[in-house]
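Coordinate analysis (summary)
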Amino acid sequence: MRSLSKRLFMSPIIKLATLLSVVMLLTACGFKLRGMVDVASHLQQLSVQTSDNYGVFTRRLNRTLESNDIKIIASAPYVLRITENQDENKIASFTGNAQAAQYRLIKQVKFQLENSEGLLLIGPFEAMSERVYLYSSSNKTASDSEERLIREELERDIITQITQRLQAMTNEQIDVAEAEARKKQAEAEKAKQLEEQKNVKAMPKRNAIKLAPPNL
């Protein structure tokens, strides 16, 4: 009996020790747990710019990036710019009384990678997530609470998609994209200068008006 009790007591401890050993082994082999992401060294310092840099979504995004060893610095050489952040709430189905029975929550975010000068390097990309939930008009408090939880879940999903997109970028890809962007910028500036010179040459010359000398 004492032996059985001892085994039952030790079982959770053994399981915990085994789990910790597996986690340590995976970490040593270069794996990371879900939610963590390796990024190119170019992106280990990143500026995040949104329409609301102090909003809830931006703060959650920054925390997730920082937890993955990405320093959020305003003067970083590269910028993760959120160009669009939309939330929709649509009726998905109706009851027999023509009242809303289900709602579909949709979150859509567009983002791109720029350099510190504002040149578009990679993107734009679109991340989207949606969920459907039951709505009860007789229990509006519970429905509102469920909606709030689902919105938080959608945000986590979007942030995961963004971090996965960052993970897919390599230093070489970023360097090539930046070189191409600078080339296009130089070509655009040159074309603008040529157009301005062309417009100046096309302007009609004004004949100088000769004034008669004053009579003394």
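Please read these numbers as outputs of a predicted model, since none were measured by experiment.

**Brief notes about the nonpolar core**
Grouped together as the largest cluster of nonpolar side chains are 27 residues, with contacts concentrated most on Leu-43, Leu-46, Leu-61, Leu-80, Ile-162 and Leu-166. Every residue in contact with Leu-61, bar those within four places of it in the chain, is listed here: Val-48, Leu-80, Ile-82, Ile-159 and Ile-162. Within the second largest apolar cluster, six residues are counted, among which are Leu-105, Tyr-133, Ile-150 and Leu-154.

**What to know about the sheet that holds strand β4 (residues 100-115)**
Read across the open sheet, the five strands follow the order β2-β1-β3-β4-β5; overall the sheet is mixed. Every other strand in the sheet has two partners, leaving β2 (71-72) and β5 (120-134) as the edge strands with one partner each. Here three bridges tie strand β1 (residues 45-49) to strand β3 (residues 78-94), and the two strands are oriented parallel to one another. By the bridge assignment, Val-48 is partnered in β3 with Leu-80. Its contacts with the sheet place helix α3 (residues 140-168) against β1, β3, β4 and β5, and it is angled at close to 155° to β5.

**As for the confidence of the model for the protein chain**
Averaged over the protein chain, the pLDDT score is 83; the fraction of residues at 70 or greater is 77%. When pLDDT is averaged over each element of the protein chain, β1 comes out on top at 97 and helix α1 (residues 2-28) at the bottom at 45. Below pLDDT 50 for its whole length, residues 4-35 participates in five contacts with residues either more than four positions away or in separate chains.

**Topic: the packing of aromatic side chains**
Counting across every chain of the model gives three aromatic pairs. With a centroid separation of 5.3 Å and 80° between ring planes, the pair formed by Tyr-103 and Tyr-135 is classed as edge-to-face. Here Tyr-103, found in strand β4, pairs with Tyr-135, found in the loop between β5 and α3; they are 32 residues apart in sequence, far enough to count as distant. Look at Tyr-135 and you get partly exposed, because its relative accessible area is 23%. Ring geometry for Phe-111 against Phe-125: centres 5.5 Å apart, planes inclined by 40°, an arrangement best described as tilted. Remark: Phe-125 occurs in strand β5 and Phe-111 occurs in strand β4; sequence separation between them is 14 residues. In this pair, the class of Phe-111 matches that of Phe-125, namely buried.

Parameters at a glance
- Residues take numbers from 1 onward in each chain, read along the sequence in its written order.
- For this predicted model, a pLDDT threshold of at least 70 governs which residues receive local features, and a threshold of 80 or more governs which side-chain atom pairs are given and counted, while totals over whole chains, interfaces and linings are taken from all residues.
- Just so you know, side-chain values use all the structure's heavy atoms and leave hydrogens and water out.
- Buried residues of nine kinds, namely Ala, Val, Leu, Ile, Met, Phe, Trp, Tyr and Cys, make up a nonpolar core once their side-chain atoms join them within 4.5 Å.
- Accessibility here uses a 1.4 Å probe with only protein chains present; expressed as a share of the type maximum, an area under 20% marks a residue as buried, one over 50% as exposed, and anything in between as partly exposed.
- Here, residues are in contact when the closest pair of their heavy atoms is within 4.5 Å.
- A pair of strands is treated as paired once DSSP finds two or more bridges between them.
- The numbering of helices and of strands both runs from the N terminus, where a helix is a DSSP run of H or I of at least 4 residues and a strand a run of E of at least 2.
- Each axis is a line fitted through C-alpha atoms, taken for helices only over the stretch in contact, and angles between the N-to-C directions span 0 to 180 degrees.
- Summary of the metric used: pLDDT quantifies the predictor's per-residue confidence within the range 0 to 100.
- The pairing test for Phe, Tyr and Trp rings, Trp by its six-membered ring, is centres within 6.5 Å, and the orientation test on the planes gives stacked under 30 degrees, edge-to-face over 60, and tilted for anything in between.

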